Amino acid sequence: MKKCLRIFISLFFVVFVSLLVRAENIHFNDEIYKLKQPDKILKSNIEENEYYKDSENSNQWTSKIKILYYPEVNNPLKYSNETDKKIESDNKCVLLKFIQNKKKDIALISYLENVTQNNQNYFVYNIVKFEKHPKKGMMELQFSKKYLVSSKQEILKMVEELKNINNDYMERLVISPIPPIVTK
């Protein structure tokens, strides 16, 4: 009996610890993203969590996931429309796709952004999901992937890849639940 109890307690502890670890990890596209900056507060009480692959961080990354909580925004569709207008008016961005599900209060936007950092040009591919928070406010889930481009051939290769992955990634984000914000 004591042996069974020890095994049960050990299994319970292993399962509990693995659940805690998983709460701070996000699995997307066969990659594991780990929480690196919990509960960063931005302007207007917006809370943010940033997730990176193991060897990456906010200064050095190839892809990342961000979760934001907007306690004061109650209409994700209106907010996504405003975001769409900002993207379309920004000459460094190209809107790829914008969809809304009015019945579920969910919107998704995918776009490409031209960024210069450390004298290198990048394109950052972004997909953003906007969703009503179950209690109050709005949640945002953002996947970003960085492409270093130094030639026309690399740009064409990136465009071809984006044509192949954009719809698939958007579908994955649409069905993915947005994890809650992790606080310190």
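For the structure, check the block above.
Conventions we followed
Residues numbered from 1 in each chain as written. Predicted model: local features only at pLDDT ≥ 70, side-chain atom pairs only at ≥ 80, totals over all residues. Heavy atoms only, no water. Helix = DSSP H or I, 4+ residues; strand = E, 2+ residues; numbered from the N terminus. Buried < 20%, exposed > 50% of the residue type's maximum accessible area, 1.4 Å probe, protein only. Contact = heavy atoms within 4.5 Å. Core = buried A, V, L, I, M, F, W, Y, C linked by side-chain atoms within 4.5 Å. 1 Å grid on protein atoms, 1.4 Å probe; cavity = no way out; pocket = protein on both sides within 12 Å on 5 of 7 lines; lining within 4 Å. Points joined across faces, edges and corners; volume = space filled by probe spheres on them. Salt bridge = Lys/Arg side-chain N within 4 Å of Asp/Glu carboxyl O. Expected span 1.5 Å × (residues − 1). Arc of directions from axis to C-beta. Polar contact = N/O pair within 3.5 Å; in protein donor to acceptor, adjacent residues only side chain to side chain.

## A closer look at the overall build of the chain
Okay, step 1: Counting its regular elements, the chain contains 3 helices and 8 strands.
Okay, step 2: Written out in order from the N terminus, the α and β elements of the chain read α-β-β-β-β-α-β-β-β-β-α.
Okay, step 3: Residues counted as buried form 39% of the 184 residues belonging to the chain.
Okay, step 4: At a minimum sequence separation of 6, the contacts of the chain that also span at least 24 residues come to 48%.

## Details of the nonpolar core
Okay, step 1: Counting 28 residues, the largest nonpolar core has Y51, I65, I67 and Y125 as the members making the most contacts within it.
Okay, step 2: When residues of this core are traced back to their parent elements, those giving at least two are β1 (25–28), β2 (31–41), β4 (63–70), β6 (106–117), β7 (120–132), β8 (138–148) and α3 (152–175).
Okay, step 3: No other element matches the 6 residues that α3 contributes to this core.
Okay, step 4: Contact partners of I65, with chain neighbours within four places excluded, come to I26, F28, Y33, N49, E50, Y51, L141, Q142 and F143.
Okay, step 5: If you look at the next biggest cluster of nonpolar residues, it comprises 14 residues, including L68, L77, C93 and M138.

## Notes on the layout of surface pockets
Okay, step 1: In this model, the largest pocket occupies a volume close to 270 Å³.
Okay, step 2: Lining the largest pocket are 13 residues, with Y79, T83, K86, I87 and Y111 positioned closest to its centre.
Okay, step 3: Of all elements in the fold, only α2 (76–89), β6 and β7 reach the threshold of two or more residues within the lining of the largest pocket.
Okay, step 4: Per-element tally for the lining of the largest pocket: the top contributor is α2, with 4 residues.

## A closer look at the pattern of salt bridges
Okay, step 1: Across all of its chains, the model carries 7 salt bridges by this definition.
Okay, step 2: As a salt-bridge pair, K145 and E161 come within 2.8 Å of each other at their nearest N and O atoms. On the criterion of sequence distance, the pair formed by K145 in strand β8 and E161 in helix α3 is long-range, its members being 16 residues apart.
Okay, step 3: In this structure, the salt-bridge partner of K163 is E160, at a minimum N-O distance of 3.8 Å. Linking K163 with E160, this pair stays in helix α3, spanning 3 residues, or about one helical turn.

## Some points on α2
Okay, step 1: A rise of 1.5 Å per residue sets the reference length of α2, with its 14 residues, at 20 Å; its end C-alpha atoms lie 20 Å apart and thus fit the reference within 8%.
Okay, step 2: Restricting attention to buried positions, one finds in α2 the residues P76, L77, Y79, S80, T83, D84 and I87. Axial view of α2: buried residues confined to an arc of 155°, hence all on one face. What points out from α2, more than 90 degrees from its buried face, is the exposed set K78, K85, K86 and S89.
Okay, step 3: Where α2 is buried, its residues touch β4, β5 (93–101), β6, β7 and β8.
Okay, step 4: Between the side-chain oxygen at the start of α2 and the backbone nitrogen of L77 there is a gap of 3.1 Å, and the oxygen is on N75.

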